[in-house]
Structure formats: C-alpha cells, structure tokens
Amino acid sequence: MDTIGKIERHFKALQENLNGSAGNAWRKLRREAFEAFTANGFPKMKDEEYKYTHIGKVIEKKFDFSGLASPTAEATLEKRPVFHDADAWHVFIDNGKSVDGSLPEKTGEGLEITTLREAAINHPELMEKHLGRHADVHKDPFTALNTAFSHEGVFIRVRKNATIGKPIILHYTDGGSGADIIQTRNLIIIEDGATANIIESFTSAMEKERFSNHVSEISVGAQARLNYYKLQNQDKEIYQVDNTVIAQARDSYAQSFVVTLEGRIVRNNLHFLLEDENTETHLFGLYVAHGQTHVDNHTVVDHQLPHCYSNEIYKGILDNKSKGVFNGKIFVQPHAQKTNAFQSNKNILLTDEASIYTKPQLEIWADDVSCSHGCTTGQLDEEQLFYLRSRGINKSKARAMLLHAFVNDILDKIDIDFLHDYINEEMYKRLD
Amino acid sequence: MLSVKNLHAGIEGQAILKGIDLEVKPGEVHAIMGPNGSGKSTFASVLAGREEYEVTEGEVTFLGKNLLEMAPEDRAREGLFLAFQYPVEIAGVSTTNFLRTAVNQIREYRGQEPLDAVRFLKHIKEKLALVEMDPKLLSRSLNEGFSGGEKKKNEIFQMAVLEPKLAILDETDSGLDIDALRIVAKGVNKLKSPDNATILVTHYQRLLDYIVPDYVHVLYKGRIVKSGGKDLALELEERGYDWIKEEVAAG
C-alpha cells in the first residue's frame, strides 16, 4: 500500500474511533484537512515553497505511515526535560498527548490550561472560532496532515485583562511510546488586554529517526501582549516541520523568538496575520547549524490594515556541511497604509561547504508605506580575528567571541533568564 | 631583545622585504622611516604574525625564541605588541571584555592566576588616565564609532594594559591632530623603561619631536638603506627622500 493509502486507512479509523464524541465542527475540519492533504500529497521538489527543502520526499521515503500515531498511543514521561524545575507553568507533551497529571491543576483565575478534547466539550464556541481558522489547511500540506489527524493537543486560554507573570512552558518530550511520527498541536488564546509569555521547548534527545509535525495556532486579542519563544534543540535525527500562526487583533503586541540548534531537517513556517490596526510585531530568529543540519525558516508577515509595525531580524551561523534557508515574505495589502515593515537576515558561513539560500520577498499593494529589507552573508572577518589574536587571545576563543558578538543583539533580547542562559550555553558549546 | 637577520617576505608571490637586518636592545627606541611603499607596514605585520605574508628567507629571534614559528597570540603572550595603523572595529565586543580576556589569556600562558573583575578594573583605570581616554568608551563596542584619535589612543591604552616588552607602533601618528599626537606620545614615553623597547614606524618626522628615538633607520625598496641617530630624521624632514634614493641608485 502506498503512503497516501496508509494515511487514508488511518484517517478512516480515527474518524470512526472518534465518532459520537463531541465536536462535530472539528470532525468536519478533519475531513476538510484530509481532502486538502490528499489533493496534492507531500510537497514535491518543484513546489516553490519547498524548493530548497525537500522534506516531503524524505518523509515519504523514510517513514512507514503504518505507524501513524493512533488515539490509543500511551503517553509517558520517562525523562524530565530541561527547565522542568523552572518557576513556570509546565505542560508536558509526549507523543502528541499531554501526559496524565502534567497539566497544572490550579492556575488561578486568569489562566486555563486543558486539552483540546476537554475544550471541545467545555468551550465549543471558542474551538469553532479558532481551531483551524488561523492555520489554513489549504496553504500548507503539513498543516493539512496535522489537522486531519488532530484529536489531542493543548488548549491554553488567558482570560481578558489577565496578566500571567510566570512563563507557560510546553515541553515536547516525544519518545516514551517509541513512535516515529509525532503530530502535536496547540490552540492558544490570549484574550483582549491579557499578557502572557509562552515557551515551546523541543529538547528531547532520542537519537532515533523520527518525524515531528507541529502546529500552533495563537490568537492575540485587542490590546493583548504576547512574548512567544520556540526552542528547537532535539537530536540530529529529527525531521521537524513546524507551522505556527499568530493572529493579532487591534493595538496588540507580539514578539517571537525562534531558536534552532539541532535537527536533521527543520522547517519552520511562521505566519503573522496582522488583522487589525495599530499592531506591533517583532520576529527574532537564531539558527546555529553544524554537521548535516538543514534549517529552513519561512516567515510571512501579512499587513492587512493601516498603522501596523513589524520588525524582523534572523541571524544564522552555519558550520561544517550545514545548510540554511531563509525566506521572508512581507505582504502589505491595499488597505494597509502607513505600514512600517522591516526585515533583515544575516549569516556567517564557517566553512566552504556550508551554504545559505536567503530570499526577502516584499509584496506591496499600498502606496504610503515604509518598508525595507536586507541580507548579508559572509565569513568570519579575518582582520577582526587577527586583531584579537594580536592581543594574546587564542584563535578558538577569538572565533567564539566574534560569533557571540554576531548573535548577541538577539540573544540579549530574551529576558527570561533560564531560557537566555540555556541558549547561551548551548550555543557556546557549539561555537567554542 | 629582537634580532632580525636577512628577512625576506612578500605577499601573493610578490617580494616586499628583501633582506632586513635589525638589532633592538632593551631600553631602546628605534624609528623606521621611509617613503610610501617601501615595506614599513609589511615589516610591522610580519613581526606581529599576520598570516597573509609569507616569509621566504631569514630569521627573527625575540627574547631568544624563534618568533616566526609562533602564532600571533603567542607572540603577544611573549611580550610583543603591535599598535595597528588601522585599528579594527568589532561590534558586540566591549573594550573591557576584550581586554580582560586578553589579559587573562596572557596570564594563563605565563602561569599566573587570572585577575578578578575588581582587580582588573583597578588595573585598567590607572592606564586610562595615562592616555586621557573617556572611561565610557570601555563599555562600548570595541572601536565602533570611535574617532581616528580615539582609536589610536585606544591602541596606546591597550599597550599600557598589556605591558609589552617590545611595542611596534605602525604609523600611530598618521592622521592625528597635534593634541592627540601629544597624548599618544606622552603615553608611549611614560611606558618606556630600561627593560622594554619601542619600534616606531612612521612616515613623518613630527612624531619624533615627541618621542625621541635612539636610532633612525630608512627603509627603501624592502631594505634598510641608511641608519643613524635622531639627526637623520631631521635631515630627512629637510631634504626629503630623494637624496637617499639617489644614493641607493648610485650603489
């Protein structure tokens, strides 16, 4: 049986299995997503969006979809992930399923953390309004595949005007069940006037080939503020596709950090929908790749209405035979006058075999806007290196100092100490 | 202290230095002068270990060790210092962090304990006063956005902090106004001792009014063609380099 055939069999079994449970709308969404996925299947090599990252072909070849996660797969928590003891709200997700008893029971008035399944029962209107409404199943085949099989996942709601001081950490520990295909999903709703800090931490090290297909949908309400961090530091055997969509309402503020330190192929689609006026958005990215790692960041900032500001800075260091891809789209729709949108991508290649494809893509249909973009790619500056060495600093230390200086402006913007220090340390390990 | 014998060096197959001999003893100040393109900066770069230059012949010993076999950082750790003609800007590395790393790597090489933050700050504050540098510059990125004068003062400041045995000043005077020149010269003079030595590479005699050399050498076409005392510099100032060139042409 071919891969699509296997996927279809699983899909039917899943729908059957969930028959009668709550969420008719969700059931319809799964069906729509499944059809969207099977219409085109995995992205082909000629597919413009996946031109430099042939992950579709690799996934289809490497993984046997007869092992696609079924609703009965057990979640365990064998190893405690990093930050598990940090002062934060913790959610542990194993094999796409929140680990029993890991959801914080008492989070106070403003914060609700539960499963998508529970939310479908308790908040059907919120689920219908948001689930699958931001991450469009027709836009990306991996989003479609994830949505077609969505039945577990985490639901986070920060109530109106609530300020959640402690960060909320979603720990993805995939592995207890030994599954090689892991699909994870969240829905995060930051209601009007609320503030939250959310960390998605992918740090399990299994040294086992597996495919992780993640989708996060985040709604940021009017006047709300979100600081969002994604840390990708799994082992070098992981093939990871991440679709994250953040929709911002009027006068809201959102800031994202995407830090990629490990993986075989990592593809991130980060999509900001600026759906109303006067929003502010910052996108920061850091990737430090070595060995055979392939890191691809595709970002979209979609300015739909006037007076919105967005600023994007992605920086990468590529060592050995690693490959980087950066594609940054900025759309300025016809109504989005007075848009300010900036973008920059800077890279350092440490070897002749490392490479980067970088492509800014601005599509502007309004006439009163201020937009800029720029990208640079280079080697370490030999003159700077010699200057440091001529003062008695050895070559490897001088090299580490310069690389650190290169990424420091982004790193220092991470103001959650335990996260900042961890990333700093992990990066130094690779650069020294 | 420094002994250069028949040094030949070049870059990308092009010979620039064609047999330099020079002896420098502790306590001495040597000035190396010469017209543009004579090889002055190449000489300074080869001594400091700039890797793009290739030494094709000759030898250099520094405090009894083969200098040419050492990495640039080891030359610095042995006590050699080059004040750059064009100091490099490094965004994201503060002057304090840079110098503390340098001081402690040198100390480690010499088997000394690292300086803690408090002792290090005390050490550098004394040296800052010497070159009249604004302490605020310490926390800024190294040389980034510094004026020409500030950059050159920063070189002398680094020299004061690292306390080298042999300092090579590569056109430190070029482009300086008279006030900055005085400050730089004052710093160099204060750092002079019977144990250390200085090589001034310069195009202009003016610097030598402030730092009086024991010896003046004229470098031309990759060789030292004339050596003398400080009066030679004055003669060059008055007569230019043409008479030297003519002497060389006449053999």
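Residues numbered from 1 in each chain as written. Chains lettered and ligands numbered in written order. Predicted model: local features only at pLDDT ≥ 70, side-chain atom pairs only at ≥ 80, totals over all residues. Heavy atoms only, no water.

Novice: Is there a simple way to explain the interface of chain B and chain A in this structure?
Specialist: One widely used convention gives an interface's size as the accessible area the parts lose upon coming together. Taken together, the 31 residues of chain B in the interface contact 17 residues of chain A. When chain B packs against chain A, close to 2,000 Å² is buried across both sides, 60% of that on carbon and sulfur atoms. In this structure, Arg389 of chain A and Glu51 of chain B form a salt bridge, with 3.1 Å as the shortest nitrogen-oxygen distance. Taken together, the elements giving at least two residues each to the side of chain B that touches chain A come down to helix 2 (72–78), strand 6 (80–83), strand 7 (90–94), helix 3 (95–109) and helix 5 (148–162) of chain B. No other element matches the six residues that helix 3 of chain B contributes to the side of chain B that touches chain A. For the side of chain B that touches chain A, the residue count by class is 18 nonpolar, seven polar and six charged. (Contact = heavy atoms within 4.5 Å. Buried area = accessible area lost by both parts, 1.4 Å probe. Salt bridge = Lys/Arg side-chain N within 4 Å of Asp/Glu carboxyl O. Helix = DSSP H or I, 4+ residues; strand = E, 2+ residues; numbered from the N terminus. Nonpolar A, V, L, I, M, F, W, Y, C, P; charged D, E, K, R; others polar.)

Novice: What exactly am I supposed to notice about the packing of aromatic side chains here?
Specialist: In this description, a pair of aromatic rings is defined by centroid distance and the angle of the planes. Residues and elements named next belong to chain A. The final tally for this structure, using the stated rule, is 21 aromatic pairs over all chains. Ring geometry for Phe11 versus Phe149: centroids 6.2 Å apart, planes at 80°, classification edge-to-face. Of this pair, Phe11 sits in helix 1 (residues 3–17) while Phe149 sits in the loop between helix 6 (141–148) and strand 4 (154–158), and the two are 138 residues apart along the sequence. No difference in accessibility class separates Phe11 from Phe149, as the two residues are buried. For the ring pair Phe42 and Phe65, a centre distance of 5.6 Å and an interplane angle of 55° mean the geometry is tilted. (Phe/Tyr/Trp six-rings, centres within 6.5 Å; stacked < 30°, edge-to-face > 60°. Buried < 20%, exposed > 50% of the residue type's maximum accessible area, 1.4 Å probe, protein only.)

Novice: What should I look at first to understand the confidence of the model for chain B in this one?
Specialist: The predicted coordinates ought not to be read in detail in places where the model reports low pLDDT. Residues and elements named next belong to chain B. Averaged over chain B, the pLDDT score is 93; the fraction of residues at 70 or greater is 100%. Between the elements of chain B, mean pLDDT differs from a low of 88, seen in helix 9 (residues 242–250), to a high of 97, seen in helix 2. For this predicted complex, the interface confidence score (ipTM) comes to 0.96, while the overall pTM stands at 0.87. (pLDDT = per-residue confidence, 0-100.)

Novice: What should I look at first to understand a positive patch on the surface in this one?
Specialist: All names here are of chain B. On the surface, Lys18, Lys221, Arg223 and Lys245 cluster together into a patch of positive charge. Relative to the helices and strands, Lys221 resides in the loop between strand 11 (215–220) and strand 12 (223–228). Residue classification places Lys221 among the exposed residues on the basis of a relative accessible area of 51%. (Patch = residues over 30% accessible without salt bridge, like charges linked within 9 Å, V, L, I, M, F, W, Y side chains within 5 Å. Areas by Shrake-Rupley, 256 points an atom, 1.4 Å probe, with all protein chains shown as cover. Lys, Arg positive; Asp, Glu negative; His and termini not counted. Charge placed at Lys NZ, Arg CZ, Asp CG, Glu CD.)

Novice: How should I be thinking about the environment of Asp381 of chain A in this particular structure?
Specialist: Relative to the elements of secondary structure, Asp381 of chain A occurs in the loop between strand 19 (370–378) and helix 7 (382–389). Within the local environment of Asp381 of chain A, its side chain forms a polar contact with the backbone nitrogen of Gln384 of chain A, the two atoms lying 3.1 Å apart. (Polar contact = N/O pair within 3.5 Å; in protein donor to acceptor, adjacent residues only side chain to side chain.)

Novice: How should I be thinking about the sheet that holds strand 2 (residues 14–24) of chain B in this particular structure?
Specialist: The strands that make up a sheet are held in pairs by hydrogen bonds between backbone atoms, and each pair lies either parallel or antiparallel. Residues and elements named next belong to chain B. Strands sit in the order 2-1-4-5 across an open sheet of four strands; the sheet is antiparallel. Here the strands that pair on one side only, and so sit at the sheet edges, are strand 2 and strand 5 (65–66). As paired elements, strand 1 (residues 2–11) and strand 2 share eight bridges and run antiparallel to each other. If you follow Ala9 over to strand 2, its bridge partner there is Leu17. (Pairing = 2+ DSSP bridges.)

Novice: What should I look at first to understand the pattern of salt bridges in this one?
Specialist: Where charged atoms from two side chains of opposite charge come close, those side chains can pair. Residue and element names in this part refer to chain A. The full count for this structure, using the stated rule, is 40 salt bridges over all chains. Between Asp64 and Lys6 there is a salt bridge; the shortest N-O distance is 2.8 Å. Taken together, the residues span a long stretch of sequence, with Asp64 in the loop between helix 3 (55–62) and strand 1 (89–94) and Lys6 in helix 1 at a distance of 58 residues. Of the residues examined, Asp64 reaches a relative accessible area of 39% and is grouped as partly exposed. Among the salt bridges present, the one from Lys429 reaches Glu426, with a minimum N-O distance of 2.7 Å. On the criterion of helical spacing, the pair formed by Lys429 and Glu426 is a turn pair, its members being three residues apart in helix 9 (residues 417–431). Among the residues examined, Lys429 registers a relative accessible area of 57% and is labelled exposed. One continuous salt-bridge network, built from bridges that share partners, spans Glu112, Arg157, Arg159 and Glu191.

Novice: Help me understand the side chain of Ser216 of chain A in this model?
Specialist: Residue and element names in this part refer to chain A. Residue position: Ser216 is located in strand 8 (residues 210–220). Classification of Ser216 as buried rests on a relative accessible area of 0%. Of note is the side chain of Ser216, whose polar atom sits 2.7 Å from the side chain of Glu200. Ignoring anything within four residues of it in the chain, the contact list for Ser216 reads Asn186, Glu200, Tyr228, Asn243, Thr244 and Val245.

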